[in-house]
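The residues making up each chain are set out below.
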Amino acid sequence: MTIARVSLLAATAILIATVLSTPGSASPRTIEVTMRHSRFGPSHLVVRRGVTVRFVIANVDPIDHEFILGDEGVQRRHETGTEPAHGSVPGEVSVPAGTVGGTSYTFSRAGIVLIGCHARGHYDYGMRGAVLVVY
C-alpha cells in the first residue's frame, strides 16, 4: 500500500470519526471544502442521518464555482437551469473566485446526496462528489 493511499485512508477515518461523533448534538458540524483545479476537496464524505453540517467552502481557483447538494433530480435541474447565483436555499451556494462561501444542510435521510458545480461544463468535467448518509 502506498504512502498516499495510507494517508487518504487515515484522513478518511479521521473525517468519519469527526462527523459521526456525538449524534443528536444541537450545534452543526463544520466541514471545510476547498475548490481547487475545478475539483472539491474532499469530494466524498460520510455523515450520520439527522446531522446538520455547516460547509465552509473556499474557492481558490481563478474562476467562479457552485456547491450544490441534492439528489440526481436537483443536480439535473441545476445542470439545465439558468440560475445565476445561489445562496438562499440550504445546500446551495455560489462561490466567486478567490472567496469563501458557506451553506448549511441537514441530512435527513440515509442514502447518497450528490455534490455538484454547475457552472458551464464543470459537472461534465468532473466537478462533483457525494455524501454517504448513514444511520
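Before going into details, it helps to say that this report is about the structure given with it. (Residues numbered from 1 in each chain as written. Predicted model: local features only at pLDDT ≥ 70, side-chain atom pairs only at ≥ 80, totals over all residues. Heavy atoms only, no water.)

Remarks on the overall build of the protein
Tallying secondary structure elements over the protein gives three helices and nine strands in all. What you see in the protein, going N to C, is helices and strands ordered as α-β-β-β-β-β-α-β-β-β-α-β. For the protein, the residues scored as buried account for 36% of the 135 residues in total. The long-range share in the protein, meaning contacts at least 24 apart out of those at least 6 apart in sequence, stands at 67%. (Helix = DSSP H or I, 4+ residues; strand = E, 2+ residues; numbered from the N terminus. Buried < 20%, exposed > 50% of the residue type's maximum accessible area, 1.4 Å probe, protein only. Contact = heavy atoms within 4.5 Å.)

So, the pattern of salt bridges
For the structure on display, the rule yields one salt bridge. Taking the shortest distance from any N to any O, the salt bridge between Arg77 and Glu92 comes out at 3.6 Å. A residue pair is termed long-range when its members are at least 10 positions apart, and Arg77 in helix α2 (residues 72-80) and Glu92 in strand β6 (residues 92-95) qualify at 15 residues. Note on Arg77: relative accessible area 42%, which makes it partly exposed. (Salt bridge = Lys/Arg side-chain N within 4 Å of Asp/Glu carboxyl O.)

Some words on the side chain of Asp61
In this fold, Asp61 is placed in the loop between β4 (52-59) and β5 (65-70). Buried charged residue Asp61 carries no salt bridge. Nearest counter-charge: Arg36, at 6.3 Å. (Lys, Arg positive; Asp, Glu negative; His and termini not counted.)

Considerations on the environment of Met35
When you line up the elements, Met35 lands in strand β1 (residues 29-36). Ignoring anything within four residues of it in the chain, the contact list for Met35 reads Phe40, Ile57, Ala58, Asn59, Val60, Asp61, His65, Glu66, Phe67, Val95 and Met127.

Details of the sheet that holds strand β2 (residues 39-41)
Taken in spatial order, the four strands make up an open sheet running β2-β1-β4-β7, and their pairing is mixed. The open sheet has two edge strands, β2 and β7 (100-106), and neither has a second partner. When the angles between neighbouring strand axes are averaged without regard to direction, this sheet yields 25°. Note that β4 and β7 share seven bridges and pair antiparallel. In the strand pairing of β7, Phe55 is matched with Thr103. (Pairing = 2+ DSSP bridges. Axes fitted to C-alpha atoms, helices over the stretch in contact; angles between N-to-C directions.)

Some remarks on unusual backbone geometry
Most peptide bonds adopt trans geometry, and most residues besides glycine take a negative phi value. Following Gly41, the chain continues into Pro42 via a peptide bond in cis, with omega recorded as 0°. Of note, Pro42 is situated in the loop between β2 and β3 (44-48). Phi at His37 is positive, roughly 55°, even though this residue is not glycine.

Side note on the side chain of Asn59
The topology assignment puts Asn59 in strand β4. On the accessibility criterion, Asn59 (2% relative accessible area) is buried. Side-chain polar atoms of Asn59 contact the backbone oxygen of Val95, separated by 2.8 Å. Apart from the residues within four sequence positions on either side, Asn59 is in contact with Met35, Asp64, His65, Val95, Pro96, Ala97, Gly98 and Thr99. (Polar contact = N/O pair within 3.5 Å; in protein donor to acceptor, adjacent residues only side chain to side chain.)

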